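Take a look at the letters that make up each chain.
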Amino acid sequence: MVSDQCNSNWVWKTTANAAAAVLLFGADTQHAFAQENTVTITAWAEYVPDEVIAGFEEKTGIKVVYDPFESLEVLETKMLTGNSGYDVIFPSALVANRLIQVEAVQKLDKSKLPNLGNLDPEIMGFLARHDEGNQYGVPYLWGTTGVIYNPALVFERMEDAPIESLDMFFDPDVVSNFADCGVAMIDSPEEVVAIALNYLGLDPFTKDPADFEKVDALLAPINPHIRHFNTGAIINDMARGDLCLVLGWSGDAGLAYATALEADNGVEVFYSVPKEGTEVFFDFLSIPSDAPNPDNAHTFIDYLMEPEVIASVTNLYYYPNGNAAALEHVLDEVKSDPNVYPTEEMMATLFPNLPRDQKTLRTLTRTWTRFKTGN
Ligand code: N2P
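Analysis parameters
- Residues numbered from 1 in each chain as written.
- Predicted model: local features only at pLDDT ≥ 70, side-chain atom pairs only at ≥ 80, totals over all residues.
- Heavy atoms only, no water.
- Buried < 20%, exposed > 50% of the residue type's maximum accessible area, 1.4 Å probe, protein only.
- Helix = DSSP H or I, 4+ residues; strand = E, 2+ residues; numbered from the N terminus.
- Pairing = 2+ DSSP bridges.
- Disulfide = S-S within 2.5 Å.
- Near = heavy atom within 4 Å.
- Polar contact = N/O pair within 3.5 Å; in protein donor to acceptor, adjacent residues only side chain to side chain.
- Areas by Shrake-Rupley, 256 points an atom, 1.4 Å probe, with all protein chains shown as cover.
- 1 Å grid on protein atoms, 1.4 Å probe; cavity = no way out; pocket = protein on both sides within 12 Å on 5 of 7 lines; lining within 4 Å.
- Sits in = over half its atoms within 2 Å of the grid points.
- Nonpolar A, V, L, I, M, F, W, Y, C, P; charged D, E, K, R; others polar.
- Core = buried A, V, L, I, M, F, W, Y, C linked by side-chain atoms within 4.5 Å.
- Points joined across faces, edges and corners; volume = space filled by probe spheres on them.
- Contact = heavy atoms within 4.5 Å.
- Axes fitted to C-alpha atoms, helices over the stretch in contact; angles between N-to-C directions.
- Parallel < 35°, antiparallel > 145°, perpendicular 65-115°, else oblique.

Turning to the pairing of strand β4 (residues 138–149), a few remarks are in order. For β4, the buried fraction is high: 12 of the 12 residues fall into the buried class. Sheet topology note: the β4/strand β8 (residues 279–285) ladder contains five bridges and is antiparallel. Counterpart to Val 138 in the pairing with β8 is Leu 285. The pairing of β4 with strand β7 (residues 270–272) spans three bridges and is classified as antiparallel. Each residue of the ladder has a partner; that of Val 147, found in β7, is Ser 272.

This brings us to helix α14 (residues 294–304). Among the 11 residues in α14, eight count as buried, and that is most of the element. When α14 is considered as a whole, its buried residues turn out to be Asn 296, Ala 297, His 298, Phe 300, Ile 301, Asp 302, Tyr 303 and Leu 304.

Here the focus is the state of the cysteines. If you walk through the whole model with that rule in mind, you get one disulfide. Shown here is the disulfide that connects Cys 181 with Cys 244, its sulfur atoms set 2.0 Å apart. Its S-S torsion of approximately 70° makes the covalent link between Cys 181 and Cys 244 right-handed. Residue Cys 181 is located in the loop between α9 (172–175) and β5 (183–185), and its partner Cys 244 is located in the loop between α12 (234–240) and β6 (245–249); the two are separated by 63 residues in the primary sequence.

Near the ligand you find Trp 44, Ala 45, Tyr 47, Ile 235, Trp 249, Asp 252, Phe 281, Asp 283 and Tyr 319, and these make up its full shell. The contact in question runs from a nitrogen atom of the ligand to an N or O atom on the side chain of Asp 252, over 2.8 Å. One of the side-chain nitrogen or oxygen atoms of Asp 283 is found 2.8 Å away from a nitrogen atom of the ligand. For the ligand, whose accessible area on its own is 260 Å², the fraction buried by protein is 96%. A molecule is said to occupy a pocket when more than half its atoms come within 2 Å of that pocket's grid points, and by this definition the ligand occupies the largest pocket. Tallied by class, the residues present in the shell around the ligand amount to seven nonpolar, no polar and two charged.

The next subject is the nonpolar core. By size, the foremost hydrophobic cluster in this structure holds 125 residues, and its most contacted members are Phe 90 and Phe 178. Top element by residues in this core is β4. It accounts for seven residues.

Positive phi, close to 55°, is recorded for Glu 103, a residue that is not glycine. Take Glu 103: it is sitting in the loop between α5 (93–101) and α6 (121–127). Positive phi outside glycine occurs at Asp 264, with the angle close to 55°. Along the chain, Asp 264 falls in the loop between α13 (250–263) and β7.

Evaluated as defined, the whole model comprises one cavity of 30 Å³ or more. What the largest cavity holds in volume is close to 40 Å³. Considering the residues around the largest cavity, the lining is formed by Leu 119, Pro 139, Tyr 140, Leu 285, Leu 304, Met 305, Ile 310, Asn 321, Gly 322 and Asn 323. Taken together, the residues that form the lining of the largest cavity break down as seven nonpolar, three polar and no charged.

With that out of the way, let us pick up the sheet that holds strand β2 (residues 63–66). With parallel pairing, the three strands of this open sheet are ordered in space as β2-β1-β3. The open sheet has two edge strands, β2 and β3 (88–89), and neither has a second partner. Alignment of strand β1 (residues 38–42) against β2, held across four bridges, turns out to be parallel. Directly across from Val 39, in β2, lies its bridge partner Val 64. This element, helix α3 (residues 50–60), spans β1 and β2 of the sheet and lies at about 150° to β2.

Take Glu 51: it is sitting in helix α3. Overall, Glu 51 belongs to the partly exposed group, its relative accessible area being 26%. Counting along the chain gives 149 residues from Glu 51 to Leu 200, while the straight-line C-alpha distance between them is 43 Å.

There is about 850 Å³ of room inside the largest pocket. Considering the residues around the largest pocket, the lining is formed by 45 residues, among which Trp 44, Leu 72, Glu 73, Ser 188 and Glu 191 are closest to the centre. Mapped onto the lining of the largest pocket, the elements with two or more residues apiece are α4 (72–81), α5, α10 (189–199), β8 and α18 (358–373). Per-element tally for the lining of the largest pocket: the top contributor is α18, with seven residues. For the lining of the largest pocket, the class distribution of residues is 22 nonpolar, 11 polar and 12 charged. Space inside the second largest pocket adds up to approximately 530 Å³. Along its surface, the second largest pocket is lined by 21 residues, and Asp 120, Glu 122, Ile 123, Trp 142 and Met 347 are the ones closest to its centre. Contributing elements (two or more residues each) for the lining of the second largest pocket: α6, β8 and α17 (344–347). For the lining of the second largest pocket, the element with the most residues is α6, which contributes three residues. Here the lining of the second largest pocket is composed, by residue class, of 14 nonpolar, three polar and four charged.

Attention now moves to the packing of α10 against α18. Put simply, α10 and α18 touch, their axes get as near as 10 Å, and they point 85° apart. It follows from the interaxial angle that α10 and α18 lie roughly perpendicular. The segment α10 lies against α18, with Pro 189, Glu 190, Val 192 and Val 193 engaging Leu 361, Leu 364, Thr 367 and Trp 368.

See the structure below:
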């Protein structure tokens, strides 16, 4: 459980030290960077720790500009438009797959990535399904989409709440119990619709419009019980106790727990991988075709493949990484938590997101929009 690994206070200590380091370091070096010696990255908010950025800047003298994105759809649109100004992007494997097909990202220069050998061959093998020959990207973090909950608020409302099941969201008689303490979902159509299809015993990658109608029927009655679909608000809302139940990402649950612990507000946040099976996602590091600073982009990606560096990201964010050499640096309480690193048995119930054709994607998007707007 996420709770166990958080009972010690290493999380906030690490965060506080890092904050101090960033302050000191920032004051020291601000004037030292030449304007052009930068690497501009875009990733989810709270996906690249301040201390990792500070470590990179100190080691290389390259300044990092971090522009967080709010959804994969926004990232994909920017990449298709071009001229984003980004040097490194953090798309899901699925989005990376589409960007590779339209050459919106460039082939990596492997001679500039001496740390490539640290990566996990099994994960590289999976990513090769999206990026043949692993030419356009390397793995960053991965995780699952599941049940994030506040145990006090949830069990107070329903003693036998099925927290290990997607019934928490998809059964109106269950989810309605939690409407007053706040239910949210990630605004991620391809992920949530795939999970709903899988829950219904259907192929998550079906092309059959009739299957999407079944999802419409599943989701329509639960819309009134969902407070928001604001992905970026989930960590802090859970940490404050403003939400009690979220269909969201594994690491975000850990981060919400750590944030609450730091605030010392008595809020607990737990996570479970639903027993019906769910999506496992893999996030990529890639370089846009028109990146202004491709050399710095390679230097940055290589830094993120240093075992200690990427292990520190996993230790802070509770997302496993794709770096085999990093495992020995991952804290025992993190790597032994099956909700962070799923067991083999759990892995067998998970499915990775796969590409869909344009027509299916449109059907899926309509299903999602109908659900969100309640029409
Ligand atoms: C954001 C984490 C995003 C991971 N905090 C989703 N692939």
